[in-house]
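Spelled out from the first residue to the last, the chains are:
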Amino acid sequence: MSVLTSPRGKVEVVHCRRTETQDIYCIKNLIRKFTQKLFGNLNIIYLLEKANLAITLHNDQEEIMAQATFLDYPNWNIATQDDWVSVFWELDSDIPCTPLNTLFMHLFVAVDEYSVGCCKEIIRTVFKAVLDLHFVFLIVPSCMSLGSTLITVFSQVGYVPSLTNDEDFAVHVCHRHNHYPQLHIRKARVEDHDDLMPIFLHHDTILKETYGEYFLAELIEAQDEENHAVVCEVEGVAVGFMSVCSQVNLELLHKCFDLAPFHGLCIPHQDDILEPPQEFSIHESSDSQLENSSEESQKIVKELQEAVSLETRESIQRKGTEAAVEEALSPVTSENTGEVEDSEKLSQVSSRFTWYYISHRSSLSVSLPEDTSSFRPIYKGTSTAFCIQLFFIDEKYEARSLDFMNFVFHLFHDKDFCIISVPHLTPEFVLIQSFVKVVPFNNCTLEQDLYVFHRAGLLKTIKIRLATLLDTPGVEKLVSTLMPCKSILEDLKQYNEARRDPDGTPLQVFVAEVAEQVVGIAVIRNEMDIEYIRSHYNIEDFIYFNHHQREEHGHLYHFVLNPIFRHYTKFFLKEILRLGYKSCLYYPVYPQVKEGKVQSPKAHSLTSALHYLVPVRPRRQIVYPLEKLGINAPSKEVSKDALSYALNHTNRKLSLEPKITVNAKIVVVGASNVGISFLETLVFCSHLKFSNLTLISTYGLPGKKLLGNEQRKFLANDHCYNDRDHELMSLCSWVNVVVAKMTAIDRTAKQVVVSREKVVLYDHLILCTGRQYQVPCPTEVDISLHPTNREVSNSCLRRYTGPIPCNHFTLNDEEDCLRALAWIKNNSITAENIIIYGNSIDTYTTVETLLSLGVRGSCIHLVQHPPTSIITCINDCAVEGAIEDALQAAGVNVYRDALLAQWNNGLYPDPIHTASFTTPTKPFQLPCSMFFSFLEKNVDYETFKAFNDACLVYDGRLVIDSNFHTNDIAIRAAGPLTKFSNRYYSNEWTHSNFNSKEIGFQLAAAMLKLFDPTLEPVTEPPADLDRLIPMYKGAKIKGGILPGSYHYLHVSKPAIPTPLEVQRAQSDFGSEIVTGNVKNGNYFRIHINKYRMVETITCLSKVPFPASNYIRLFGQHEQALNNLCARYEDGLVPDLYSYFTEPWCMALFHDRFIDLRKALHQILSSKEDENLPSMEELARQIEDEEINLPEKPRNYLKRVFQETIYRPLVEKSILDYLHYNHYHLPMYAWPGII
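This is a predicted model, so every value here is computed, not measured. (Residues numbered from 1 in each chain as written. Predicted model: local features only at pLDDT ≥ 70, side-chain atom pairs only at ≥ 80, totals over all residues. Heavy atoms only, no water.)

### Focus on the overall build of the chain
What counts, and what does not: Each helix is a run of DSSP H or I of at least 4 residues and each strand a run of E of at least 2, with the numbering of both proceeding from the N terminus. To sort residues, take the accessible area from a 1.4 Å probe on protein chains only and compare it with the maximum for the residue type: under 20% means buried, over 50% means exposed, and anything in between is partly exposed. Only the protein chains shown count as cover for residues, and all accessible areas are computed by the Shrake-Rupley method using a 1.4 Å probe.
The number of helices and strands found in the chain is 32 helices and 53 strands. Here the chain holds 1234 residues, and 55% of them are scored as buried. In the form shown here, the chain has an accessible surface area of approximately 53800 Å², with 51% of it arising from carbon and sulfur atoms.

### Regarding the sheet that holds strand β2 (residues 11–18)
The condition that has to hold: Any two strands with at least two DSSP bridges between them are considered paired. Geometry is summarised by axes, namely lines fitted to C-alpha atoms with helices restricted to the contacting stretch, and by angles between N-to-C directions that run from 0 to 180 degrees. Here a residue-residue contact requires only that any non-hydrogen atoms of the pair lie within 4.5 Å.
Spatially, the eight strands line up as an open sheet ordered β1-β2-β3-β4-β5-β6-β8-β7, and their pairing is mixed. Only two strands of the sheet have a single neighbouring strand rather than two, namely β1 (2–5) and β7 (155–161). Along the sheet, successive strands turn relative to each other by an average axial angle of 35 degrees, direction set aside. Here strand β3 (residues 53–59) pairs with strand β4 (residues 64–71) via six bridges, running antiparallel. Bridge assignment links Leu-57 to a residue of β4, and that residue is Ala-66. Each of β1, β2, β3, β4, β5 (102–110), β6 (135–141) and β8 (168–175) is contacted by helix α5 (residues 115–129), which is oriented at about 45 degrees to β4, the strand it contacts most.

### A look at the environment of Val-1074
The residue Val-1074 is located in strand β51 (residues 1071–1075) in this model. Through-space distance from the C-alpha of Val-1074 to that of Arg-1085 is 4.4 Å; in sequence the pair is 11 residues apart. Beyond its immediate stretch of four places on either side in the chain, Val-1074 contacts Tyr-1083, Phe-1084, Arg-1085 and Tyr-1128.

### Some details on the side chain of Thr-102
Basically, it comes down to this: In protein, a polar contact requires one atom able to donate a hydrogen and another able to accept it; more generally it is a pair of N or O atoms within 3.5 Å, and residues adjacent in sequence count only if both atoms are side-chain atoms.
Structurally, the position occupied by Thr-102 is in strand β5. At 2.9 Å, the side chain of Thr-102 forms a polar contact with the backbone oxygen of Thr-98. Side-chain polar atoms of Thr-102 contact the side chain of Asn-101, separated by 2.8 Å. Not counting residues up to four positions away in its chain, the partners in contact with Thr-102 are Trp-84, Cys-97, Leu-133, Phe-135 and Phe-137.

### Brief notes about the packing of helix α12 (residues 472–479) against helix α13 (residues 485–498)
Basically, it comes down to this: Angular relationships are summarised with four words: roughly parallel below 35 degrees, roughly antiparallel beyond 145, roughly perpendicular across 65 to 115, and oblique for the angles in between. The hand of a helix crossing depends on one turn: near helix anticlockwise from the far one by less than a right angle means left-handed, and clockwise means right-handed. Three classes are used, and their members are as follows: Ala, Val, Leu, Ile, Met, Phe, Trp, Tyr, Cys and Pro are nonpolar, Asp, Glu, Lys and Arg are charged, and the others, Gly among them, are polar.
At a minimum axis distance of 10 Å, the contact between α12 and α13 shows a crossing angle of 165 degrees. Relative to α13, the element α12 lies roughly antiparallel. The way α12 lies across α13 gives a crossing that is right-handed. For the pair α12 and α13, the contacting residues are Thr-472, Val-475, Glu-476 and Val-479 in the first and Cys-485, Ile-488, Leu-489, Leu-492 and Asn-496 in the second. A per-class count over the contact of α12 with α13 returns six nonpolar, two polar and one charged.

### Quick notes on the sheet that holds strand β30 (residues 666–669)
Across a sheet, paired strands are connected by hydrogen bonds in the backbone, their directions being either parallel or antiparallel. With respect to topology, five strands assemble into an open sheet ordered β33-β32-β30-β37-β47, the strand pairing being parallel. This sheet does not close on itself; its edge strands, each paired only once, are β33 (736–739) and β47 (971–973). Taken pair by pair, the neighbouring strands of this sheet meet at an average axis angle of 20 degrees, ignoring direction.

### Things to note about unusual backbone geometry
Cis geometry marks the peptide bond from Asp-910 to Pro-911; its omega dihedral reads 0 degrees. In this fold, Pro-911 is placed in the loop between β42 (899–903) and β43 (914–918). Notably, Lys-750 is not glycine yet its phi reads approximately 55 degrees, a positive angle. Exposure remark for Lys-750: the relative accessible area of 31% places this residue in the partly exposed category. We note that Glu-780 has phi near 65 degrees; this positive angle belongs to a residue other than glycine. Here Glu-780 shows up in the loop between β37 (764–767) and β38 (808–809).

### A closer look at the pairing of strand β40 (residues 860–863)
Where we set the bar: By definition, the crossover connecting two strands over a helix is right-handed if that path, from the first strand to the second, turns clockwise as seen with the strands pointing away from the viewer.
On β40, burial covers both faces: Ile-860 and Leu-862 on one face and His-861 and Val-863 on the other are all buried. With four bridges joining them, strand β39 (residues 834–838) and β40 adopt parallel strand pairing. By the bridge assignment, Ile-834 is partnered in β40 with Ile-860. Tracing the backbone out of β39, into helix α21 (residues 841–852) and back to the parallel element β40 gives a crossover that is right-handed. The sheet contact formed by β40 and strand β41 (residues 893–895) spans three bridges and is parallel. Counted as the bridge partner of His-861 is Asn-893 from β41. Handedness of the β-α-β unit built from β40, helix α22 (residues 877–890) and β41 comes out right-handed.

### Looking at the nonpolar core
Worth spelling out the cut-off: Within this scheme, the nonpolar core is defined by two criteria: the residues are buried Ala, Val, Leu, Ile, Met, Phe, Trp, Tyr or Cys, and they are joined through side-chain atoms within 4.5 Å.
Formed by 98 residues in total, the largest nonpolar core has its most connected members in Phe-678, Ile-745 and Leu-767. For this core, the leading source of residues is helix α24 (residues 996–1011), giving seven residues. Not counting residues up to four positions away in its chain, the partners in contact with Phe-678 are Ile-666, Val-668, Ile-766, Gly-1000, Leu-1003, Ala-1004 and Met-1007. One finds Ile-64, Ile-95, Phe-104 and Cys-174 within the second-largest nonpolar core, a separate group that totals 64 residues.

### What to know about helix α32 (residues 1206–1220)
For clarity, the threshold we go by: Each residue after the first adds 1.5 Å to the expected span of a helix. Taken from the helix axis, the directions to the C-beta atoms give the arc we talk about.
Taking 1.5 Å of rise per residue, 15 residues should cover 21 Å, and α32 covers 21 Å from first to last C-alpha, within 8% of that figure. Three or more residues of α32 are buried, namely Tyr-1206, Val-1210, Ser-1213, Tyr-1217 and Leu-1218. The buried side chains of α32 occupy one side of the element, clustering within an arc of 130 degrees when seen end-on.

### Looking at the pattern of salt bridges
Applicable threshold: Salt bridges are defined by distance alone: a side-chain nitrogen of Lys or Arg within 4 Å of a carboxyl oxygen of Asp or Glu.
Following the criterion strictly, the structure yields 45 salt bridges and no others. A salt bridge links Glu-552 to Lys-50; the nearest nitrogen and oxygen atoms lie 3.1 Å apart. Of this pair, Glu-552 sits in the loop between α14 (530–536) and β23 (553–561) while Lys-50 is found in helix α3 (residues 44–50), placing the two residues 502 residues apart along the sequence. Accessibility classification places Glu-552 together with Lys-50 in one group, the buried group. Where Arg-1180 meets Glu-1176, a salt bridge forms, and the shortest distance between an N and an O atom there is 3.9 Å. Here the residue Arg-1180 and the residue Glu-1176 both occupy positions in helix α30 (residues 1175–1183), the gap between them amounting to four residues, near one helical turn. Residue class for Glu-1176 comes out partly exposed when judged on its relative accessible area of 30%. Taken together, the shared-partner salt bridges in this structure form one network comprising Arg-17, Glu-20 and Asp-23.

### Here we look at the side chain of Thr-943
Along the chain, Thr-943 turns up in helix α23 (residues 941–949). With relative accessibility at 7%, the residue Thr-943 sits in the buried group. In contact with Thr-943, not counting residues within four places along its chain, are Met-742 and Thr-769.

### Some details on the packing of aromatic side chains
Inclusion rule: Each Phe, Tyr or Trp ring (for Trp, its six-membered ring) is paired with any other whose centre lies within 6.5 Å, and the angle between the two planes then decides the class: stacked below 30 degrees, edge-to-face above 60, tilted in between. Counting as a charge over the ring demands two things of the Lys NZ or Arg CZ atom: a distance within 6 Å of the ring centre and an angle within 35 degrees of the ring normal.
This model, assessed by the stated rule, comprises 46 aromatic pairs. Every member of this aromatic cluster is reached through a ring pair, and the members are Tyr-800, Tyr-837, Tyr-895, Trp-903, Phe-917, Phe-924 and Phe-931. The aromatic ring of Tyr-557 is capped on one face by Arg-525, whose charged end is 4.5 Å from the ring centroid.

### Notes on the packing of helix α18 (residues 673–683) against α24
Taken N-terminus to C-terminus, the directions of α18 and α24 make an angle of 45 degrees; their axes are 7 Å apart at the nearest point. Taken as axis vectors, α18 and α24 run oblique relative to one another. With respect to the hand of their crossing, α18 and α24 are arranged in right-handed fashion. On the side of α18, the interface is formed by Asn-673, Val-674, Ser-677, Phe-678, Glu-680, Thr-681 and Leu-682, while α24 contributes Ser-996, Lys-997, Ile-999, Gly-1000, Phe-1001, Leu-1003, Ala-1004, Met-1007 and Leu-1008.

Laid out in structure tokens, this is it:
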């Protein structure tokens, strides 16, 4: 925020922000003829798409006061974008401009009255935002003066000719030191105390309270060879302070942090012990094995390093998706006097570092024999690190914090590393953004994060260029320890020989060079599959696709950068775009390894740059009736079934866009749909970087394709996520995964205790364990006495405590289903007796799965427990009748109202040979080879015990308030696990009534208010509002394959369960549209409510149908379905399955159709004239009888719509939608194509 004063004395408060798309109209209005003469005739949208930095200045009323656009190459065609440096060095060699420290102004506009102040404020903001920037150049025609505004900040350097004509252009420059200069750093003096204390007390008062009012002066006085205090000053006043010390507790750090990448911050010594006693192996993990991925800010599984020599370490394959814990680097010596000069050379930069390459085999784990599992390297060399003990700086100068580093390294000539530890809840301030965060060990309980900076990171001579043949030895040395070493070298060789692949795909290889040594390499190819990317990923969240040429899309294959220069990663990416004439880069993460090869046409290596890219959300796809569409079907590039991958992206606009790092430890317990949706929402916040997301789950992340798509699923499907969805998200790229079970919660220490008494620290704990089927507890009555159900107590609420039989199965997830499937195949029990006990829909899907596996129907016994409600799991008599007929036809034995009495006649139950049941009439006994239990779901006992021992309020379910809080402010919970507090008087409503995916999204939205500064600050809700439970609108969905090979889908609104017959009896029920019948296997029912909206969909078909398409019908108005009700009444819709494969309805299934609806609603709710009501207001007035009409309301509204501006606006919006999405919707015609 700044205050500007116009020459006439008017005052305006202005704020700076990044330019947004909605600013374009105002920017165009600020362009004058003089602006066009200075900068040329510009396409503003195109310019902003290609800009590295665009700054907008606005006032408190959000009115645009000024805007400036900056790129990393000159305008006016005075030099090519990849080779402008030589032109400017020839112009004035005294200006040491480089791609790292230079930007070019391509546009500046401002409100005339405040133009001078706006210009200075924008320039100051640019220098503050880009730390390495020293020069901003402005090129204008030589015949033009700069005008009264720009001349206040720019000074002329000389003239350069145009590349295309004889015209000369004047070059002007703006220097950093005139606007936001580097700070002067010196040793602290006692007299600085009075200047520093107000700044320090603004941040913290604890040290003053602990050590007294003059502790800072005492700290300054106590300086010696091991302790130094330095200050930065502006105009003789100290504005920042840093205390450094060479005494570092390396023993503690070695215990808590993996410092092997930095050789333990010690000088290499011949007696260093870097190897465990014996080699470890990679093997399949057991269910109980703890697996925790905690790789720095990128998240890979924590590993123990293999025994290798000091000079070279072999890399290992690990689960996860992010790379690059870097190896120790040789000491780097350099002169440190003031600012590091461009001519400085590095004596030696070692490129040794360990590379952890991706392995997508999720069941892999690294383990050691018991005696070596806790191995830690032992370093005998002396320390080569010093630490920052205390640091603070005035917020006004915080962006120049790194200016301290050159001076403090000069104080410790024998030290190569500077370290700093900060509480992990501390927001990542500017200084540590240039440091590397060290990976903590899994058993680390320190509440501090450790950051490391190498003195070579101060060098500014890094140069990015295209590779040459002479770079091969340097690249070989750089990548020698990497698993994809061979692939990288092959690509380098191919580039040097042909500049393209054998198939003709253009290939580019870039190297990063410092002091004539290769410290980085990147390999890119042209993105040849851009149509698929556009149609399958929301890439247009980040770019205007039509403003990017096909050849401007690049595909990143390899990215390697020496760790001491990691803070130059974004610069490296920016230079790749500039030198490669690219505007976008894409990097895929494939989900798994098949037959030892990554699922990719060409090998990818894992990139340590992943956190500098943004994850791109996948798009929901239409299931097209390709045969029916014929030539009007989408192209093969759009509709092809390609390998699934998670897409990451960067572009020129993002090259200087910072991410906000959130180091808070957010731990999610349970990989339920709620938990996955919560993590998905956080991960896809592109402007935030959550560095401490952890998932605790018994089997890790779902989506491992344990059961192939061709196999019938044991469990019903809620259509929240499928295997492909998990592949497209690749949550393992961003989330630490602890494969274990929660057994306790220590609220005081903020720890979750998991298997084998391991602990996981948290700041925010999210409980999403859901509810599971439990082992039933037999009533233990003797059936020889012929008891009935009335004579025995219902044991469903009792917990079974005996041994769990080996042939008893409770199916709660795909891992359980795989275990059951393996048992069936290994024991060849297709002709043995199988009991399925329960009342849920999963009993039917399991019966069908068993039948499909070849189990004879007569061997399947479906034993249904006495119902606890009058509402059945299907709640549709027609569908239930079809299932009963199918069960009878298959020969399945069905028993109703049966209670489990005994296993094996009360003898030892493992394994189960017989099962006895009581009924309302007489008991019976069945032989048993497998027993499936699907009794009512409940909270797992160990989970309940963890809640209870932690004193979390539990009342049948975990009690929460309307904002997901339990009785502990740091613990939130969501999903079927929970219930609302009794103070809401809504016990019939729980999260079980709503869509789990929507619950997870809303939970994340509530959490984001704590971390996202772009959101409105959290305010306490009104007292009355907090007494209302939140209501969600997403559809509840269930489906699966039922007996008789019926494909079933049911979509309904969130509601308290009510029998369908009772619903139909309500006066406001609405109407039903039913086609087909269950006997023919083409049953399709749609319920239209009184508002003529689709409220329920039920499908039962003998053939597969596009369920994802039909789900999109929920919530649509029947008129949007081509006047469905009228057509049905006229007998024009004999079959809804066929009706919804017609070309006209494809737009309804499109993922952006909801955006069209919102745009049309906005048009109809806007006013054509301030004095006239909008269409929405007009309809409301008619509904409220506020106006008298001479004609029918519908005819009146139609006439107003036709005669006003609304019709052309609506038509234009629809045509724009169809035109922009033509690659998905080619079956629609619009003016100009026919």
